[in-house]
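# Topology and contacts: notes
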Amino acid sequence: MEKIDQVTAAVLEKIDSQGFRQEGAYNLRYNGYSLCHGNTEHITIKRKEDKQGIDVYISGETKGEQVHIPVVVAVSGMTDEVYNDFYVEEGAQVTIIAGCGIHNSGCNDSRHDGIHTFHVGKNANVRYEEKHYGEGEGTGARILNPVTKIIMEENAVFTLDTAQIRGVDSTKRETEVTMGADAKLFVTERLLTHDKQSAVSNMDIYLNGTGSSAQIVSRSVARGESRQVFHPRAIGNALCHAHIQCDSIIMDEAKVCSIPEIDAQHVDAAIIHEAAIGRINNEQLIKLNTFGLSEEAAEAVIIENFLN
Amino acid sequence: MLEVKNLVFHPVDNGIEKSIIEDISFSVEDGEMLVITGPNGGGKSTLAKLLMGIETPDSGRIVMDGVDITDYSIAQRANAGMGFAFQQPPRFKGMTVKRLLSLAAGCELSEKKCCDYLSGVGLCAREYLNREVDSTLSGGEMKRLEIATVLAKKHKLCIFDEPEAGIDLWSFSMLVKQFEQLHKEKEESLILISHQERIIQMADRIMVVRDGKISALDQKDRVMPNLVNEDTGCSCMNPAHRS
């Protein structure tokens, strides 16, 4: 078993809510190389030959297994670009826990671009959790630019749960989903920005198959002088249902721009969007004050639950 | 014991000073139930908010158990033993019923405890514990949950602002039982703002607030006979509407 240093262990704790262990199917990418990895009977992880990254093969017999593929960047001045491809066979049921943590204690920028492609077979059910986090006392920026492509076959189910907890100076997130017949997509995006951070999230959902459905929930909190831009698009090319909901809490000097777009290219495409940006509700604060919570404590509780 | 002395509140709205509360004084004894009633817009809810510190009076003092709490914040009043149930409780996206009750209680509540509080207000606990306190709950469910949050902690004084509003008849009976129980235990002083005859009937004393002033304050038996002649803002209290 590989020895993991204290900084890395602390970052892993932040980005892997299930707890990272060197057991089952896993791959820990550390400062641009694979520190350790393991396979199981049903899940095989192979290093790519032509470029940085891994191919993960998940067989149809997989029922309820987890794959942990965290990334830790702990050096200043590093740019790490990695391509991970997932091949999920028909009928598989799997939870993939990814996430990236940057510990930058230097003065140069540290950057990780994770390009993930999921090929989800018929009737397969995938839950993908991804947490992004930055820390370190250095002046160098912590930058994360994830690209997620999901190709869903008939009746596949994909749950995408992404969260940027704090400490990421700049992020540009690109997500593209292509859905087959009766495929179901659930997206939950949670984002917290502070200080002078900036975050952009673009999401294109193509509902191509008859009976496909997508539910996209985006919740964010912008504090300090941070900036956020959301642009989720649902494109209905068949009989389908989609619901986009963007909710943001804006604080201090922050700026938030939310542009949900719905595009019906078929007469039976039913697509809805809701978007709201606003301060913390004063009535909520007062209610929590009546429980004996101070202003600061009440604010923290509201944010914590909103992003829960 | 709560003592309210010469409370005055003249908020400025669009540059015009309004008279909302005009020199109100009264007291609530330990274990007493005082029901405040009166016409809509008379200042009842504003008075309740002044007591809890949600609004700040222009003058007057509020004293609880001999301590002047007029300058206390809402949280300080809460920590001094005051509880408050809102007429229109706010919703919280992402917060579960269990979490809200735990925050209200000031400690992490067990499922069993949560169930006790929820069933006390007619909510089936199993269905609700992990539900979010958001727009998926109906107005009636929100009101019952609001009352449960106040019941989840021991207070010296609890203020309920129209607890019956938006609650169905069956739940209302349960609520009345809860208030009767609280009243019987005599451990908490209760101020209820209400138009409901069944709630008014439970009072030790009744205070009628009209045009920002107390128009009557006395034992229930003395105020009740006159109430039916007053326009309290509630159809059920008005004989003309009773048919």
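Residues numbered from 1 in each chain as written. Chains lettered and ligands numbered in written order. Predicted model: local features only at pLDDT ≥ 70, side-chain atom pairs only at ≥ 80, totals over all residues.

### Focus on the overall build of chain B
Heads up, the condition is: In DSSP terms, a helix is any run of H or I states spanning at least four residues, a strand is any run of E spanning at least two, and both are numbered starting from the N terminus. The globule rule used here is 2.2 Å times the number of residues to the 0.38 power, and the radius of gyration it is set against is calculated over C-alpha atoms. Each residue is classified by how many other C-beta atoms fall within 10 Å of its C-beta atom, where C-beta atoms are placed from the backbone; a count of 20 or more means buried, 12 or fewer means exposed, and values in between mean partly exposed. Residues are defined as contacting one another if the C-beta atoms placed from their backbone atoms lie within 7 Å.
From N to C terminus, chain B includes nine helices and 12 strands. Taken over the C-alpha trace, chain B has a radius of gyration of 18 Å; the compact-globule value for 243 residues is 18 Å, and the two agree within 12%. Projecting the C-alpha coordinates of chain B onto the three principal axes gives extents of approximately 45 × 45 × 40 Å. The buried share of chain B, taken over its 243 residues, is 42%. Here the analysis covers contacts within chain B between residues at least 6 apart in sequence; of these, 67% occur between residues at least 24 apart.

### Some points on the packing of helix α2 (residues 282-289) of chain A against helix α3 (residues 295-306) of chain A
Residues and elements named next belong to chain A. Just so we agree on the cut-off: To get an axis, fit a line to the C-alpha atoms, keeping to the stretch in contact for a helix; angles then go from 0 to 180 degrees between the N-to-C directions. Note on convention: the crossing is left-handed when the near helix lies turned anticlockwise from the far helix by less than a right angle, right-handed when the turn is clockwise. Throughout, the ten residues Ala, Val, Leu, Ile, Met, Phe, Trp, Tyr, Cys and Pro are labelled nonpolar, Asp, Glu, Lys and Arg are labelled charged, and all others, Gly among them, are labelled polar.
Where α2 meets α3, the axes come as close as 9 Å, and the angle between the chain directions of the two elements is 120°. Judged by the sense of rotation from one axis to the other, the crossing of α2 with α3 is right-handed. Residues Q284, L285, L288 and N289 of α2 pack against E295, A298, E299, V301 and I302 of α3. A class-by-class count of the residues in the contact of α2 with α3 yields five nonpolar, two polar and two charged.

### Here we look at the packing of helix α3 (residues 97-105) of chain B against helix α6 (residues 139-151) of chain B
All names here are of chain B. At a closest axis distance of 8 Å, the pairing of α3 and α6 adopts a crossing angle of 35°. Taken as a pair, α3 and α6 cross one another with a handedness that is right-handed. Between α3 and α6, the residues in contact are V97, L100, L101 and A104 and L145, A148 and T149, respectively. Counted by class, the contact of α3 with α6 contains six nonpolar, one polar and no charged residues.

### Comments concerning the environment of L182 of chain B
All names here are of chain B. Looking at where L182 falls in the secondary structure, it is placed in helix α7 (residues 169-185). For the pair formed by L182 and D204, sequence separation is 22 residues and the distance between their alpha carbons is 13 Å. If we ignore the near neighbours within four places in the chain, the residues touching L182 are E188 and L190.

### Describing the pairing of strand β1 (residues 2-9) of chain B
Residue and element names in this part refer to chain B. Note the following rule: Two strands qualify as a pair provided DSSP detects at least 2 bridges between them.
As paired strands, β1 and strand β6 (residues 59-64) are joined by five bridges and run antiparallel to one another. Bridge assignment links V8 to a residue of β6, and that residue is S59. Across five bridges, β1 lies against strand β4 (residues 21-28) in antiparallel orientation. Pairing of F9 across the sheet is with I21, part of β4.

### A look at the interface of chain B and chain A
Taken together, the 18 residues of chain B in the interface contact 19 residues of chain A. Elements supplying a minimum of two residues to the side of chain B that touches chain A: α2 (74-79) and α3 of chain B. Residue composition of the side of chain B that touches chain A, by class: 13 nonpolar, three polar and two charged.

### A short note on the sheet that holds strand β7 (residues 67-68) of chain B
Within a beta sheet, neighbouring strands are joined by backbone hydrogen bonds and run either parallel or antiparallel to one another. Residue and element names in this part refer to chain B. One open sheet holds the four strands; their spatial order is β4-β1-β6-β7, and the pairing between them is antiparallel. With partners counted over all chains shown, the strands left at the sheet margins are β4 and β7, one partner each. Here helix α1 (residues 44-52) sits on the sheet and contacts β1, β4 and β6; the angle it forms with β4, its principal contact strand, is near 65°.

### Details of the nonpolar core
Quick reminder of the rule: Only buried Ala, Val, Leu, Ile, Met, Phe, Trp, Tyr and Cys residues enter a nonpolar core, and they are joined through C-beta atoms within 7 Å.
Counting residues in each nonpolar core, the largest one holds 83 residues, and the members touching the most others are V35, L101, A148 and I159 of chain B. Beyond its immediate chain neighbours, meaning those up to four positions away, I159 of chain B contacts A48, L51, M52, G83, F84 and I191 of chain B. Among the nonpolar cores identified, the runner-up in size contains 60 residues, and V56, V88, L160 and I216 of chain A belong to it.

### Points about α7 of chain B
Residues and elements named next belong to chain B. For the record, the criterion: Helix span, as expected, comes to 1.5 Å for every residue beyond the first. The directions from the helix axis to the C-beta atoms are what the arc is built from.
For α7, with 17 residues, the first-to-last C-alpha span of 25 Å sits near the 24 Å given by 1.5 Å per residue. By the burial criterion, the buried members of α7 are L175, F179 and L182. Here the buried residues of α7 occupy an arc of 60° about the axis, which is enough to place them on one side. Opposite the packed face of α7, turned more than 90 degrees from it, sit the exposed residues L169, W170, K177, Q181, K184 and E185. Lining the buried residues of α7 we find α6, β10 (189-193) and α8 (197-202).

### Observations concerning the sheet that holds β10 of chain B
Residues and elements named next belong to chain B. Strand order in the open sheet made by the six strands is β8-β9-β10-β5-β11-β12, with mixed pairing throughout. The open sheet has two edge strands with one neighbour each: β8 (82-85) and β12 (213-219). The sheet shows a mean angle of 15° between the axes of neighbouring strands, direction not considered. With four bridges joining them, strand β5 (residues 33-37) and strand β11 (residues 205-210) adopt parallel strand pairing. Within β11, the position partnered with V35 by the bridge is I206.

### A word on the pairing of strand β7 (residues 79-88) of chain A
Residues and elements named next belong to chain A. Only one face of β7 is buried, namely the one carrying D80, V82, N84, F86 and V88, since none of T79, E81, Y83, D85 and Y87 on the opposite face is buried. Inspection of the sheet shows β7 paired to strand β9 (residues 110-120) by 10 bridges, in the parallel sense. Among the inter-strand pairings, D85 is bridged to a residue of β9, identified as T117.

### Some remarks on the confidence of the model for chain A
Defined as follows: A score between 0 and 100, pLDDT records how confident the predictor is in each residue.
For chain A, mean pLDDT is 94; residues scoring 70 or higher make up 100% of the total. Within chain A, the element-level pLDDT minimum falls on strand β2 (residues 33-38) of chain A, averaging 89, and the maximum on strand β12 (residues 147-152) of chain A, averaging 98.

### Quick look at unusual backbone geometry
For N123 of chain A, which is not glycine, the phi torsion reads 60° and is therefore positive. Structurally, N123 of chain A can be placed in the loop between β9 and β10 (125-135). Positioned with a positive phi, D23 of chain B is a non-glycine residue whose angle comes to about 50°. Residue position: D23 of chain B is located in strand β4. D23 of chain B gets classed as partly exposed once you count the C-beta atoms within 10 Å, which come to 13.

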